[in-house]
Amino acid sequence: MNNWISRRHTALMGLAVLGTAAILFASAAPTLADDVVLKVYTALEEEQLPIYKEAFEKANPGINIEWQRDSTGVISARLLAEKDNRQADIVWGLAATSMMVLDKEGMLESYRPAGFDQIKDDFKDLRSGWPTWVGMDAWASAICFNTVEAEKLGLPKPTSWKDLTNPVYKDQIVMPNPGSSGTGFLTVSAWLQLFGDKGGWSYMTALHDNVKTYLHSGSKPCKAVGAGEYPIGISFAYPGVKLINDGAPVEVILPTEGIGWDMEATAIMKGTKQLTAAQKLADFAASADANKLYNASYQVLARKDVAATLPANYPADEDKLMISPNNFYEMADRRQAILDEWQRSFGSKDAPK
Amino acid sequence: MRCCLLLLGLYLTVTLVLPLYTLLAKSLQNKDGHFVGFANFARYFADPAMLQSFANTVHVSAIGTIITLLLAFLYAYALTRTCMAGRGFFRAVALIPLLAPSLLPGLALVYLFGNQGIFKSLLFGHEIYGPIGIVMGEVFFAFPHALIILVTALSVADGRLYEAAESLRARPARIFLTVTLPGCRYGLVSASLVIFTLIFTDFGVPKVIGGSYNVLATDVYRQVIGQFNFQMGAVVGLLLLLPAVLSFAADRIMQRKQVALLSARAVPLQPKPRPLTDRVFFCLAAAVAGFLLLVLGMALFGSLVKLWPYNLSLTLKWYDFARAGTDGWGPYFNSLRMAALVAAIGTAIIFGGAYLVEKSRGAGRLRAILHLLAMIPLAVPGIVLGLSYIFFFNAPDNPLNFIYGTMTVLVVNTICHFYTVSHLTAITALKQVDAEFESVAASLKVPLYRTFWRVTVPVCLPAILDISVYLFVNAMTTVSAVVFLYSAETKLMSINAINTDDAGNTAAACAMGMTIVATSAALKGLHSLILRRVERRTQAWRKR
């Protein structure tokens, strides 16, 4: 048993490993310009980021946006976990229901952006004159309907929430689990507001018989419908519109009884070291120019003075069907109780059969 | 020696124990941070759905473990103890699941067995969404983890035992039961514990393909990401540690029974051609490899197709990453850099640590504690580990908080996340090296570090290379923990893929996934070339 690695060889290998590590570490640290860098946390869609960034930086030279983007749940959890040493300067494009959670933790700075009087009442935090967050645009629940699969199965096109309880749809519907998904919760909370507490729960019980599975994401039901896995998915309009634009045989239906909705909102983080720059971004986010950008993806905007056009393939009348008023604060207070009840009634349906 | 052990203890305390403590302590607090005893646990156990989740988790973990162990053992046996054709090929193919981000198999299984799936009829009317899909996904995902341990366990054996058995006219079955199985007992037990824990805590597969079949890991997700309830998340996170604790106990019992196989006088076993056996194992291995390739092939198809399932014409446009988002190829190079750092630094820490735990003398209790600590990461779901790191490393009074938001925290976190399997591989390799080497060295007054560098490292070089490749490929695909820790400058390709899929661009997400696979596969190829050279130089003693 001789012929081990020679000593020199071993030493060379060790050096190589250390050298690689040193080079890799050294290549870190990008150079910083004199510009102010704003750390912006967001749940906006990836494709919107470069457009929004360019528009803001053009209007505000000397301030650069550095995005930290993730899905609503992940970015909210991260903001909350960073509470004791906040990294974000401002949040631009996060669900208002998440903002309320952050607000309750005392993490948001009060600020009234320029042009605040042009923001519709529904999009304002009206509890005091100094809001902590301001709405940007709204997104509402919707039904995604796969025409090809529905035809194969001989399913009629539903037009209302009540239609979905029709026994022909047994095991054909997917929807988000309200415990995992904001979209799921806003849909459930809309049913409770539309049909009343008793009517809401009995509606969900009837719907439950037709639901195949509850998924852990708000856009997944629509995407699964787009891939032909299920004919009907309860979701929101944006992913459905995107699927239609990509050529999938999907229709986005807004149920006639009315639809639950949430909004994207902007808020400055309390304790930011870039307060002036953050306020400039908050002003921009509430401006007419920004609202026109939002209009590329959403129909319902925060500003009164921006005439919204319908984005391509977007379902009409979302603004008329959105329930109003939407009792965000009441629903936020009851959230835990509603989710517990939901979990008890429907959470363990899919035991092994 | 003791000093090194303490240093390792300190490292594990800072990168594992303290972060986990900051999160798990929340299980005893209410939302305002006040101590509330076991109120959260009481609330959790009062939920009937919870017992269901627990039962579901045990159910799929048990079935998944049995299937994976059986397949991986046969496959490992075929690779190490037979002369079947194409062993190099099969060894490479078996790593596919490690190279692929969990997004790919999830999607491929849907495309294969979903409601529009090509092979839907093979499920005989059952649905892929639910326990069947979870078990299939988990077997796919856990297979290479089991294989890497079992191959290590089976590749060293004392040929003299087999010669003795044959000269005593023992039948092959008897030799298998009395020589082969006892010889790799430790590897078998660690492999099964690893897979069980892995499946028990995995969240990626159930989320993608579990439908609403709840398991504990999806409960953590629901609590933390859906409801921002860190306290209840911590409660479930603690429950998920159960199998790790059980594993540790089982491991202790087994270790007492394991004898070093490679005594200083051992003669390495050289498999002899047995035409019939070789052919049977070839067919088995081909079936397993065929399934793995099928899944990968389907994912590749998914990355090339225009619009599944309605427009199946092919396109390369999804590989144009500059189109898909703002980041282009930046995240790819971040991923590469992180994976290289994790592989280089992680291997040194983990193998060195395993050596200290296994070969140093005295300090028995400290070594036992270190070994227990090394078993924990496997049982910690990524969400829990990622959030723990925020709470610990981002705390304003933590002197280490300057690493938060940097590449360093990603590297440290990823090393921690994949510590256990690497540690067990190292331990399995080290156990096979007779402690006599150290005794002889000691009596010749050779310092321990020189024995380590001149004997242990060369003998274990294949295992060391395996560990570094394992760390590299996992760092390329990991999402669940680092998603809470990356910053704008350290965005990773694997995270980009998930976000792209979330945005509804599944095909582009697949393309990113396939790019990761190709990179890791290229590295693996390089590894095989190096390994061949290394084996010629340092492993000649294994042959006669």
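Residues numbered from 1 in each chain as written. Chains lettered and ligands numbered in written order. Predicted model: local features only at pLDDT ≥ 70, side-chain atom pairs only at ≥ 80, totals over all residues.

Before going further, it helps to spend a moment on the overall build of chain B. Check the secondary structure of chain B and you find 26 helices and two strands. Taking 544 residues into account, the globule formula puts the C-alpha radius of gyration at 24 Å, and chain B, at 23 Å, falls close to it. Seen along its three principal axes, the alpha-carbon backbone of chain B occupies a region of about 65 × 55 × 45 Å. Of the contacts formed within chain B by residues at least 6 apart in sequence, a portion of 83% connects residues at least 24 apart. (Helix = DSSP H or I, 4+ residues; strand = E, 2+ residues; numbered from the N terminus. Rg over C-alpha atoms; globule rule 2.2 N^0.38 Å. Contact = placed C-beta atoms within 7 Å.)

As a further point, take the overall build of chain A. The helix and strand inventory of chain A stands at 12 helices and 11 strands. Counted over contacts in chain A with a minimum sequence separation of 6, partners at least 24 positions apart contribute 74%.

This part is about the interface of chain B and chain A. Listed by partner, the interface residues are 63 residues for chain B and 61 residues for chain A. The set of elements that each furnish at least two residues to the side of chain B that touches chain A consists of helix 3 (48–81), helix 12 (216–226), helix 17 (330–359), helix 19 (382–393), helix 23 (448–459), helix 25 (493–502) and helix 26 (506–538) of chain B. Per-element tally for the side of chain B that touches chain A: the top contributor is helix 12 of chain B, with six residues. For the side of chain B that touches chain A, the class distribution of residues is 32 nonpolar, 23 polar and eight charged. (Nonpolar A, V, L, I, M, F, W, Y, C, P; charged D, E, K, R; others polar.)

Below, the discussion takes up the environment of K242 of chain A. Locating K242 of chain A in the fold gives a position in helix 8 (residues 237–246). Along the chain, K242 of chain A and G226 of chain A lie 16 residues apart, while their C-alpha atoms are 9.9 Å from each other.

Our focus in this paragraph is the packing of helix 25 of chain B against helix 26 of chain B. All names here are of chain B. It is at 7 Å that the axes of helix 25 and helix 26 come closest, and there the two elements cross at 165°. By the angle between their axes, helix 25 is roughly antiparallel relative to helix 26. As helix 25 packs across helix 26, the resulting crossing turns out to be left-handed. Here M493, S494, N496, A497, T500 and D501 of helix 25 come into contact with helix 26, specifically with T506, A508, A509, M512, G513 and I516. Taken together, the residues that form the contact of helix 25 with helix 26 break down as six nonpolar, five polar and one charged. (Axes fitted to C-alpha atoms, helices over the stretch in contact; angles between N-to-C directions. Parallel < 35°, antiparallel > 145°, perpendicular 65-115°, else oblique. Left-handed = near helix turned anticlockwise from the far one by under 90°.)

Another aspect to go through is the domain arrangement of chain A. Interfaces are often sized by the accessible area lost when the parts come together. Residue and element names in this part refer to chain A. In terms of domain boundaries, chain A breaks down into domain 1 (36–138 + 262–314) and domain 2 (139–260 + 331–346). Distance between the C-alpha centres of domain 1 and domain 2: 27 Å. A breakdown of the residues in the side of domain 1 that touches domain 2 according to their chemical character gives seven nonpolar, four polar and one charged. (Domains from an automatic or database assignment.)

In an α-helix, one full turn covers 3.6 residues, which means residues spaced three or four apart are oriented alike. Where burial is concerned, most of helix 9 (residues 275–285) of chain A is hidden: eight out of the 11 residues are buried. The set of residues buried in helix 9 of chain A consists of A277, A278, K280, L281, A282, D283, F284 and A285 of chain A. (Buried ≥ 20, exposed ≤ 12 C-beta atoms within 10 Å, placed from the backbone.)

Residue and element names in this part refer to chain B. By the element assignment, N40 lies in helix 2 (residues 39–46). Taking C-alpha positions, N40 is 9.4 Å from K26, a pair spaced 14 residues apart along the chain. Beyond its immediate stretch of four places on either side in the chain, N40 contacts S27, Q231, M232 and V235.

This part is about the confidence of the model for chain A. Residues and elements named next belong to chain A. Chain-level statistics for chain A give a pLDDT mean of 89 and a share of 89% at 70 or above. Considering only residues more than four positions removed or in separate chains, one finds that residues 1–6, a stretch of pLDDT under 50, has nine contacts. Here residues 26–32 is modelled with pLDDT under 50, and outside its nearest four sequence neighbours on either side it reaches two contacts, counting other chains as well. (pLDDT = per-residue confidence, 0-100.)

A cis amide bond, omega 0°, links S324 of chain A with the succeeding residue P325 of chain A. Checked against the element boundaries, P325 of chain A lands in the loop between helix 11 (318–321) and helix 12 (328–346). Look at the link from W308 of chain B to P309 of chain B: it is a cis peptide, with omega at -10°. Within the element layout of this structure, P309 of chain B appears in the loop between strand 1 (305–307) and strand 2 (311–314). You will see that N313 of chain A, though not glycine, has its phi angle at about 65°, which is positive. Position of N313 of chain A among the secondary structure elements: in the loop between strand 11 (300–301) and helix 11.

This part takes up the nonpolar core. Core analysis: the largest hydrophobic core is formed by 280 residues, its most contacted members being I90 of chain A together with A72, A146, L150 and F472 of chain B. Sort the elements by how many residues they give to this core and helix 7 (residues 131–155) of chain B lands first, with 17 residues. Summarising the domain contributions, this core has at least three residues from each of domain 1 (36–138 + 262–314) and domain 2 (139–260 + 331–346) of chain A. (Core = buried A, V, L, I, M, F, W, Y, C linked by C-beta atoms within 7 Å.)

Looking along a regular strand, one sees side chains alternate from face to face of the sheet. Residue and element names in this part refer to chain A. Of the two faces of strand 9 (residues 250–253), only one is covered, namely that formed by V250 and V252; the face formed by E251 and I253 stays uncovered. Bridge count for strand 5 (residues 134–146) against strand 9 is four bridges, and the pairing is antiparallel. The residue of strand 9 that forms the bridge with I143 is I253. (Pairing = 2+ DSSP bridges.)

Looking now at the environment of P275 of chain B. Residues and elements named next belong to chain B. With respect to the helices and strands, P275 occurs in helix 15 (residues 275–304). We classify P275 as exposed; it has 9 C-beta atoms within 10 Å. C-alpha separation for the pair P275 and G237, spaced 38 residues apart in sequence, amounts to 50 Å.

Once that is clear, we can look at the pairing of strand 10 (residues 261–269) of chain A. Residue and element names in this part refer to chain A. Burial analysis of strand 10 places nine of its nine residues in the buried class, which makes it a mostly covered element. Side chains W261, M263, A265, A267 and M269 project from strand 10 onto one buried face, and the interleaved D262, E264, T266 and I268 project onto a second face that is buried too. Pairing analysis gives five bridges linking strand 3 (residues 90–95) to strand 10, with the strands arranged antiparallel. Paired with A95 across the bridge in strand 10 is E264. Alignment of strand 4 (residues 108–109) against strand 10, held across two bridges, turns out to be antiparallel. From the neighbouring strand, L108 faces strand 10, where its bridge partner is M269.

Attention now moves to the confidence of the model for chain B. Note that predicted coordinates carrying low pLDDT should not be read in detail. Residues and elements named next belong to chain B. In the predicted model, chain B carries a mean pLDDT of 88, and 97% of its residues have values of at least 70. Ranking the elements of chain B by mean pLDDT puts helix 16 (residues 321–324) last with 71 and helix 20 (residues 407–417) first with 96. Predicted as a complex, the structure gets a pTM of 0.88 and an ipTM equal to 0.86.

Looking now at the packing of helix 22 (residues 436–443) of chain B against helix 23 of chain B. All names here are of chain B. With their axes 10 Å apart at the nearest point, helix 22 and helix 23 run at an angle of 130° to one another. Here helix 22 lies oblique to helix 23, going by the angle between them. When the axes of helix 22 and helix 23 are compared, the crossing they make is right-handed. Contact residues: helix 22 offers F437, E438 and A441, while helix 23 offers L448, T451 and V455. Considering only residue class, the contact of helix 22 with helix 23 consists of four nonpolar, one polar and one charged.

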